[in-house]
Amino acid sequence: GDTNEYMIVVPLDKYAELDEQSAMIKGIGAEAAAALTAKTAKCLESRQVFISTPQAGLSFEPEKGAADVGVFTRRRVAPGRIDDFNNLMKAEILPAYKKTGDRTTTSQRGLGANVNDFVTVSWFNKLSGLDKGPSTTRALGADAAAKLNSRMAAIAQTVEQVVRRRVPELSF
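Computed from a prediction, not measured in an experiment: that's the story for all the values here. (Residues numbered from 1 in each chain as written. Predicted model: local features only at pLDDT ≥ 70, side-chain atom pairs only at ≥ 80, totals over all residues. Heavy atoms only, no water.)

Structural notes on the sheet that holds strand β1 (residues 52–54)
- Overall, antiparallel pairing links the five strands, which are arranged β1-β3-β4-β2-β5 in an open sheet. Each edge of the open sheet carries a strand with a single partner, namely β1 and β5 (156–165). Mean inter-strand twist for the sheet, computed between neighbouring axes without regard to direction, equals 25°.
- When strand β2 (residues 69–77) meets β5, the two strands line up antiparallel, connected through nine bridges. Residue R76 lies in a different strand from β5, and its bridge partner there is Q157.
- Strands β2 and β5 of the sheet are contacted by helix α5 (residues 142–155), whose axis makes an angle of about 110° with β5. (Pairing = 2+ DSSP bridges. Helix = DSSP H or I, 4+ residues; strand = E, 2+ residues; numbered from the N terminus. Axes fitted to C-alpha atoms, helices over the stretch in contact; angles between N-to-C directions. Contact = heavy atoms within 4.5 Å.)

Section: the environment of R47
- Residue placement: R47 occurs in the loop between α2 (30–41) and β1.
- Along the chain, R47 and G141 lie 94 residues apart, while their C-alpha atoms are 40 Å from each other.

A short note on the packing of aromatic side chains
- Applying the stated criterion across every chain yields a total of two aromatic pairs.
- A centroid spacing of 5.7 Å and a plane angle of 75° characterise the contact between F72 and W123, whose relative ring orientation is edge-to-face. Placement of F72 in strand β2 and of W123 in strand β4 (residues 117–124) is noted, with a sequence separation of 51 residues between them.
- Its relative accessible area of 12% is what places F72 among the buried residues.
- Ring geometry for F85 against F118: centres 4.7 Å apart, planes inclined by 40°, an arrangement best described as tilted. (Phe/Tyr/Trp six-rings, centres within 6.5 Å; stacked < 30°, edge-to-face > 60°. Buried < 20%, exposed > 50% of the residue type's maximum accessible area, 1.4 Å probe, protein only.)

With respect to a nonpolar patch on the surface
- A cluster of nonpolar residues, I8, V10, L12, Y15, L18 and L111, forms a patch on the protein surface that exposes about 670 Å² of accessible area.
- Summarising the element assignment, L18 is placed in the segment before α1 (23–28). (Patch = residues over 30% accessible without salt bridge, like charges linked within 9 Å, V, L, I, M, F, W, Y side chains within 5 Å. Areas by Shrake-Rupley, 256 points an atom, 1.4 Å probe, with all protein chains shown as cover. Salt bridge = Lys/Arg side-chain N within 4 Å of Asp/Glu carboxyl O.)

Some points on the nonpolar core
- Judged by nonpolar contacts, the single largest core of 14 residues is most densely connected at V77, F85, M89, I93, M152, I155 and A156.
- For this core, the secondary structure elements donating two or more residues are α3 (82–100) and α5.
- The leading source of residues in this core is α3, at six residues.
- Leaving out residues up to four positions away in the same chain, F85 has contacts with L58, R75, V77, F118, M152, I155 and A156. (Core = buried A, V, L, I, M, F, W, Y, C linked by side-chain atoms within 4.5 Å.)

Side note on the layout of surface pockets
- Here the second largest pocket defines a volume of roughly 390 Å³.
- Along the wall of the second largest pocket there are 19 residues; nearest its centre are Y97, S122, P134, S135 and Q161.
- When residues of the lining of the second largest pocket are traced back to their parent elements, those giving at least two are β2, α3, β4, α4 (135–140) and α5.
- Here the lining of the second largest pocket is composed, by residue class, of eight nonpolar, 10 polar and one charged. (1 Å grid on protein atoms, 1.4 Å probe; cavity = no way out; pocket = protein on both sides within 12 Å on 5 of 7 lines; lining within 4 Å. Points joined across faces, edges and corners; volume = space filled by probe spheres on them. Nonpolar A, V, L, I, M, F, W, Y, C, P; charged D, E, K, R; others polar.)

Have a look at this one:
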């Protein structure tokens, strides 16, 4: 992935929060926020804003909290196949994560994006977690994992897969 790409996540309890002053304005004031926004705009190549809704039933979090590394896999589910995607995740993917004890979260994109896009994140505390290989392969074996991947490919196409690192000094 692009090593100069940053993702900013702002958790919301309800859309009405978007009607309020931003956290930046609350923290540093309107004038300073405008100046900072003007400065950072010079550093932006592109920007995309969209809503993502966590899918608790498609996630396994034995321990919550901030992880430093995530493998983000965005899949575009074929029209009319969201129920099939959900069922495959619940019946086969999540049990593999539970067997290995690995943390995974899934969210569905909404306003501002394609609503058939689901992002599944495999979380690790260190980059060395990537050395273990995919949870499904470790839980099921290579042959069964390959068959599972084929079933998933019939339902959803992988759009992108990137590794992202949390930057603690830029996080809250």
